[in-house]
Amino acid sequence: MTFRNRALRIYTTVAEAVPALLLSAMFLSFILQVFMRYVIGQPVGWTVEVCAIAWIWIILWGQSVSARDEDEIRFDIVYSAVGAGTRRVFRILAALLLITVYLIAFGDSWSYVSFMKIEDTSYLDIPYNYVFAIFLVFLAVSILRYALIAVQELRGVIAPPANTSLPEDTPE
Amino acid sequence: ADKPVLKFSSVVSENDIRAEAFNMLAEKLSDDFEIQNYFGATLVPQGSELTAIQRGTLEMGIIPPQDIANQAPEWSIVTAAYLFADTDHMLDVMAGEVGQELDQIAADKLGLKILGPVYFGTRQVNLKPEKQIMTPEDLKGMTIRMPGGDAWQFLGEAIGANPTPLAYSEVYTGLQTGAIDGQDNPLPNDYNMKFYEVTNQIVLTNHLIGFDLLTLKLDIWNEMTPEQQDRFQTAANEIIDWSTQKHLAREEELVQFFKDEGLAVYEPDRAAFRDYAQAKYLASDFAESWIPGMLDKINATAGN
Amino acid sequence: MSPEFSLAVAIIVGAAIIGLPIGHAMIVASLTYLFVSGMDMGIAAEQMLRGLYGSYVLLAIPLFIFAADLMNIGSLSDRLLGFCRALVGRFRGGLGHVNVFSSLIFSGMSGSAIADAVGMGRIIINLMLRDGKYPAAYAGAITAASAIIGPIIPPSIPMVLYALVSDTSIGFLFLAGVVPGLILGLLLMLMNAFLARRYDFPTEDPVPLNALPKITLRAVPALLMPVILLVGIYGGVTTPTEAAALAALYAFVVSAVFYRSITLRDTWRTIRSSARSTASVGILIAGALVFNYVITVEQVPAAIRGALAGYDLSAWQFLLMVNAVLLVLGCLIEANAILLVITPILIPTALALGVDPVHFGVIVVVNTMIGLTTPPYGLLLFVVSSITKSPVAQTIRYLMPFLGIMIVGLGIITFVPGLVLWLPRLYGYGN
Ligand code: NA
Ligand code: NA
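Please read these numbers as outputs of a predicted model, since none were measured by experiment.

*Asks:* Before we move on, can you summarise the overall build of chain A with the specific residues and values?
*Replies:* Each helix and strand counted, chain A has 5 helices and 0 strands in total. Listed by position from the N terminus, the elements making up chain A come as α-α-α-α-α. Among the 172 residues that make up chain A, the fraction classed as buried is 51%. Taking the intrachain contacts of chain A between residues at least 6 apart in sequence as the baseline, contacts between residues at least 24 apart amount to 71%.

In structure tokens, the structure reads:
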């Protein structure tokens, strides 16, 4: 195994572990919430907050850091009908559009997220800028990901067709 | 020249009395400003009106005192159960010395111009079980839905119940199935959300005088001429007064409506509730952020 | 329509055509709108983050995904498959019938169409695809079509939203949804039977009747799932949102402890894959939250109000027009936004024309639910395509006949109010 492969494998493992742990936390919180209210009769409120934070992080982390091309939902009526060359041009254009807009938006987004340190979450008292920082990760990693896609396409790596039927989970 | 546009976001629905009041406000001030009303939290998600005004993406909003207390803890005093004896008491206090002190804090700390308290009803306990409730002890072990957030949940504890947070849209089915024993809201909300269809009694606890604050970004206020400020404040006072009277009348007629629907509607031992709640609040962290002497001033205003 | 808004719409369409994922396309278009309007682009972050953070009922989505995935890796769905085959497999297109029928059952516990598609729908899709007997896009299309029944039969989140804006009884609204839900289910099954003949879908080998008791017994744990959820919700143990977690717990306990059919390693792999599916669906909701801001600022609802005011309509012309307008809007705007923003505009006219508010509510909810399946902006459409991993265009092709028959159903619901109001009247409505 080359160093590059090993690094990629570690990245993939960590990238996928984060949303998986968050989903586990959501599951346990919900169960605890029902148990405390229905069985013990002492309802708790903080579980909702854990779930809401986990929900945001699963989505934005999952769609940037651990995103796979085949997981993304496309409106692919045209995209899947055109030839490989045209699709390459499409992918480069789409990547450039996303990179440009997200780069322009980064400053204002940063300013919103850092402004939100003015308030804390209700139960866990976490400043909202920490909770919402995942949006900046989402923007930054998406820019990098699409830059990589654009570079690959420019270097002539063949684009996969839309929504390819890869196995549900690639073997490790 | 084009009139300045003031975007005004509120959570109230388009058919609410307050929506009508805010449309009247836009009409009254139409010589100076173009106030754009957005109802049903369609412009700004519920709970983010305050930060949106501070960041300059919104000019006006109605903000719950609980949200203001997030950033200015001194405000948490007006979120305490049984602080105000009734609506008149709340209006007197907020218009008087205490209100001015709090408004000044909102101006200095948060950059908000507070135009006045928009009353939307007095919170009452609405229950499915038929057990008669006279004291906080009678609510022991009952699961009551309160809005999310620790200030609201504490309010539930302060009346002796087991509070649980639940989405507003899920309260009806929660009551229907018995996932919760009850909920607390002003009578107009009980009516709008049809809670009377799935509950058996309303205990007139009067535990919290419900109001939001009509607010404007302070910078905009400061840029007005004194005459404009005067017109703005007068118009705000007029629509707030109109809306308050409408709500009070509505609450009165709803008591009979709920009785006709077959619910038991009655007063508990309010003194017992008040003593229990005030002891809870004074022993809590919330009371530590209250301005010394303010509670006494508020109590002294009672009965005027 | 301002030039900025036209640009935003053009970008969504253009970006989608060149294959930018839909979620990103909506975010990119909204950000561009904010930029060219000279507004603070941080608004996009605010709308998305505060919107996701505050919408408690959406939290059911990841857990229904997780529950369905657990059922699939354990032997629960195999057992259910065996049972369904034995029962209706002998009919042509049998699993298609199972798909619709299970939606009817599950609509009684879920108030959200998306939850039905990602929960029960996902399980049935896997059953339909396992032996390669149905085209993936067909499985997706019938799942999307049947998922819309979920919020028409009570409980129902959209009906709660309608009651909120219309001052109508939630209890009577819930009752009014029952018959229309059943009508739609029946129509979908008829269409499935017709298509199964046309595409020559397989019948399963008939199962000998004496094997039926054993197969049923084997399927009991899977069949108990809806029962447990119904008891959980109607017995007051959980809220509809929390029921998703209970479903996941049940699937886990039965598979891992009772049957010992999954290992810790399997469980971890399932959690990872459920989290990935959650993110794919969630980013669509996130994008919609951001784009809804653009629609609100552009005062699109007010424009519709203005357009409607210009006509002098009779009640049935009005209802026909409402259906047309809502079906078109359903292609473009998210369902909750239609319910909360557009409906209040229409209600006063409906009442003035003598339309019953409960009847009107059912019409509106059925419309918005159909809108979840119509392109270009149809959340269900994207969700099922992502589950089946088939191109959206393929799904649309198979969906068309189902859409057609649902619009027929909508016509019946609209112009035969007696069907809708029969059950509420039985329980005292309007007396
Ligand atoms: Na339902
Ligand atoms: Na289905």
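So, next bit.
*Asks:* Can you break down the overall build of chain C residue by residue, with the values?
*Replies:* Counting its regular elements, chain C contains 20 helices and 0 strands. Relative to a compact globule of 431 residues, whose C-alpha radius of gyration would be 22 Å, chain C shows 22 Å and is just as compact. Along the longest, intermediate and shortest principal axes, the C-alpha atoms of chain C span 65 × 50 × 45 Å. Within chain C, the fraction of its 431 residues that count as buried is 66%. For chain C, restricting intrachain contacts to residue pairs at least 6 apart in sequence, the fraction spanning at least 24 positions comes to 80%. Surface exposure of chain C reaches about 14,100 Å², of which carbon and sulfur atoms provide 69%. Charged side chains of chain C number 21 positive and 17 negative; the gap between the two group centres comes to 15 Å.

*Asks:* Would you mind going over the interface of chain B and chain C in detail, with residue names and values included?
*Replies:* Tallying the contact residues gives 30 residues for chain B and 35 residues for chain C. Here chain B and chain C share an interface that buries about 2,700 Å² over both sides, 57% of which is from carbon and sulfur atoms. There are 1 salt bridge connecting chain B and chain C. In this structure, the salt-bridge partner of Asp40(C) is Arg55(B), at a minimum N-O distance of 2.5 Å. Here chain B and chain C share 4 residue pairs in polar contact (both at pLDDT 80 or more) between them. Listing elements by their share of the side of chain B that touches chain C, those giving two or more residues are β2 (34-38), α2 (49-55), α7 (171-177) and α8 (187-192) of chain B. With 4 residues, the single largest contributor to the side of chain B that touches chain C is α7(B).

*Asks:* So what's going on with the packing of helix α15 (residues 315-330) of chain C against helix α19 (residues 392-415) of chain C? Residues and values would help.
*Replies:* Residue and element names in this part refer to chain C. Put simply, α15 and α19 touch, their axes get as near as 11 Å, and they point 145° apart. With respect to the hand of their crossing, α15 and α19 are arranged in right-handed fashion. Contact residues: Trp 316, Leu 319, Leu 320, Asn 323 and Leu 327 in α15; Ile 407, Leu 410, Thr 414 and Phe 415 in α19. Residues of the contact of α15 with α19, tallied by class, amount to 7 nonpolar, 2 polar and no charged.

*Asks:* Break down the interface of chain A and chain C for me, citing the residues and quoting the values.
*Replies:* Counting residues at the interface gives 68 residues for chain A and 69 residues for chain C. Summed over both partners, the interface of chain A with chain C buries about 6,400 Å², with 72% contributed by carbon and sulfur atoms. Linking chain A with chain C are 2 salt bridges, by the criterion used here. The partner of Arg37(A) in a salt bridge is Glu242(C), and the shortest N-O contact between them spans 2.8 Å. Put simply, the parts of the chain that give the side of chain A that touches chain C at least two residues each are α1 (3-40), α2 (46-62), α3 (84-115), α4 (128-132) and α5 (134-154) of chain A. At 15 residues, α1(A) tops the list of elements feeding residues into the side of chain A that touches chain C.

*Asks:* So what's going on with the pairing of strand β6 (residues 162-165) of chain B? Which residues, and what values?
*Replies:* Residue and element names in this part refer to chain B. Across the two faces of β6 the burial is the same, with Asn 162 and Thr 164 and Pro 163 and Pro 165 all buried. In the sheet, strand β5 (residues 143-146) pairs with β6 via 4 bridges, with the strands oriented parallel. In the sheet register, Met 146 faces β6, and the bridge partner there is Pro 165. Crossover β5 to β6 through helix α6 (residues 150-158) is right-handed.

*Asks:* Any chance you could break down the pairing of strand β1 (residues 5-9) of chain B for me, citing the residues and the numbers?
*Replies:* All names here are of chain B. β1 sits mainly inside the fold: 4 of its 5 residues count as buried. Here β1 pairs with β2 via 5 bridges, running parallel. Each residue of the ladder has a partner; that of Ser 9, found in β2, is Tyr 38.

*Asks:* Go over the packing of helix α8 (residues 136-147) of chain C against helix α18 (residues 379-388) of chain C, please, and point to the residues and values.
*Replies:* Residues and elements named next belong to chain C. Across the interface, α8 lies against α18 with an axial gap of 9 Å and an inter-helix angle of 145°. At the point where α8 passes α18, the crossing takes the right-handed sense. The residues of α18 that touch α8, namely those facing Ala 136, Gly 140, Thr 143, Ala 144 and Ala 147, are Leu 380, Val 384 and Thr 388. Here the contact of α8 with α18 is built from residues that sort into 5 nonpolar, 3 polar and no charged.

*Asks:* An account of the UniProt feature "transmembrane region" (unreviewed entry) in chain A is needed here, citing residue identities and associated values.
*Replies:* Here the UniProt-annotated "transmembrane region" (unreviewed entry) positions come out as residues 20-40, 46-67, 88-107 and 127-148 of chain A. Across residues 46-67 of chain A one finds 77% helix and 0% strand; the C-alpha atoms that close the span lie 29 Å apart.

*Asks:* Help me get a handle on the packing of aromatic side chains, residues and values and all.
*Replies:* Under the counting rule described, the total for this entry stands at 31 aromatic pairs over all chains. Geometrically, the ring pair formed by Tyr191(B) and Tyr196(B) is stacked, given 6.1 Å between the ring centres and 15° between the ring planes. Judged on exposure class, the residue Tyr191(B) and its partner Tyr196(B) are both buried. Ring centres 6.5 Å apart and planes at 15° place the aromatic pair Phe5(C) and Phe291(C) in the stacked group. On the criterion of sequence distance, the pair formed by Phe5(C) in helix α1 (residues 3-17) and Phe291(C) in helix α13 (residues 264-297) is long-range, its members being 286 residues apart.

*Asks:* Kindly report on the nonpolar core, identifying the contributing residues and their values.
*Replies:* Most often, soluble globular proteins have nonpolar side chains that are buried together. Counting residues in hydrophobic clusters, the biggest one holds 262 residues, and the most contacted among them are Leu60(A), Tyr102(A), Phe132(A), Trp75(B), Phe360(C) and Phe402(C). Considering every element that reaches this core, the biggest residue donor is α13(C), with 14 residues. Among all residues touching Phe402(C), those that are not within four sequence positions of it are Tyr138(C), Ala141(C), Ile142(C), Ala145(C), Leu188(C), Met191(C), Asn192(C) and Leu195(C).

*Asks:* If you had to explain the side chain of Gln71(B) to someone new, which residues and values would you point to?
*Replies:* As for its position among the elements, Gln71(B) is in helix α3 (residues 65-71). Residue class for Gln71(B) comes out buried when judged on its relative accessible area of 11%. A polar side-chain atom of Gln71(B) sits 2.9 Å from a polar atom in the side chain of Glu119(A). Among all residues touching Gln71(B), those that are not within four sequence positions of it are Ile118(A), Glu119(A), Leu50(B), Thr51(B), Gln54(B), Lys109(B) and Leu110(B).

*Asks:* Describe in detail helix α2 (residues 22-36) of chain C, supporting the description with residues and values.
*Replies:* All names here are of chain C. Taking 1.5 Å per residue, 15 residues should reach 21 Å; α2 reaches 21 Å between its end C-alpha atoms and fits that length. With 13 of 15 residues buried, α2 lies mostly within the body of the structure. Gly 38, located one to two residues past α2, shows a positive phi value of around 70°.

*Asks:* An account of the pattern of salt bridges is requested, with residue identities and associated values reported.
*Replies:* Residues and elements named next belong to chain B. As enumerated under the stated definition, the model contains 18 salt bridges over all chains in all. Between Arg 18 and Asp 212 there is a salt bridge, with the nearest N and O atoms lying 3.9 Å from each other. Here the residue Arg 18 occupies a position in helix α1 (residues 17-28), and Asp 212 occupies one in strand β8 (residues 201-217), the gap between them amounting to 194 residues. Each of the two residues, Arg 18 as well as Asp 212, counts as buried. One salt bridge in this structure joins Lys 297 and Glu 97, with 3.4 Å as the shortest N-O distance. Here Lys 297, found in helix α13 (residues 294-301), pairs with Glu 97, found in helix α5 (residues 97-110); they are 200 residues apart in sequence, far enough to count as distant. Overall, Lys 297 belongs to the partly exposed group, its relative accessible area being 33%.

*Asks:* Please give an account of α6(B) that cites residues and values.
*Replies:* Of the residues making up α6(B), those classed as buried are Trp152(B), Gln153(B), Phe154(B), Leu155(B), Gly156(B) and Ala158(B). Where α6(B) terminates, the next one or two residues include Gly160(B), which has phi positive at roughly 95°.

*Asks:* Tell me about the side chain of Ser48(B), and please be specific about residues and values.
*Replies:* Checked against the element boundaries, Ser48(B) lands in the loop between β2 and α2. A distance of 2.7 Å separates a polar atom in the side chain of Ser48(B) from the backbone oxygen of Pro45(B).

*Asks:* Mind laying out unusual backbone geometry, listing which residues take part and the relevant values?
*Replies:* Excluding glycine, a negative phi dihedral is what most residues carry, and trans is how most peptide bonds are arranged. The phi dihedral of Asp125(A) falls on the positive side, at around 55°, and the residue is not glycine. Although it is not a glycine, Lys389(C) sits at a positive phi angle of roughly 55°. Structurally, the position occupied by Lys389(C) is in the loop between α18 and α19.

About the thresholds
Residues numbered from 1 in each chain as written. Chains lettered and ligands numbered in written order. Predicted model: local features only at pLDDT ≥ 70, side-chain atom pairs only at ≥ 80, totals over all residues. Heavy atoms only, no water. Helix = DSSP H or I, 4+ residues; strand = E, 2+ residues; numbered from the N terminus. Buried < 20%, exposed > 50% of the residue type's maximum accessible area, 1.4 Å probe, protein only. Contact = heavy atoms within 4.5 Å. Rg over C-alpha atoms; globule rule 2.2 N^0.38 Å. Areas by Shrake-Rupley, 256 points an atom, 1.4 Å probe, with all protein chains shown as cover. Lys, Arg positive; Asp, Glu negative; His and termini not counted. Charge placed at Lys NZ, Arg CZ, Asp CG, Glu CD. Buried area = accessible area lost by both parts, 1.4 Å probe. Salt bridge = Lys/Arg side-chain N within 4 Å of Asp/Glu carboxyl O. Polar contact = N/O pair within 3.5 Å; in protein donor to acceptor, adjacent residues only side chain to side chain. Axes fitted to C-alpha atoms, helices over the stretch in contact; angles between N-to-C directions. Left-handed = near helix turned anticlockwise from the far one by under 90°. Nonpolar A, V, L, I, M, F, W, Y, C, P; charged D, E, K, R; others polar. Pairing = 2+ DSSP bridges. Right-handed = clockwise from strand over helix to strand, strands pointing away. UniProt positions renumbered as here; feature names shortened; annotations may be inferred. Phe/Tyr/Trp six-rings, centres within 6.5 Å; stacked < 30°, edge-to-face > 60°. Core = buried A, V, L, I, M, F, W, Y, C linked by side-chain atoms within 4.5 Å. Expected span 1.5 Å × (residues − 1).

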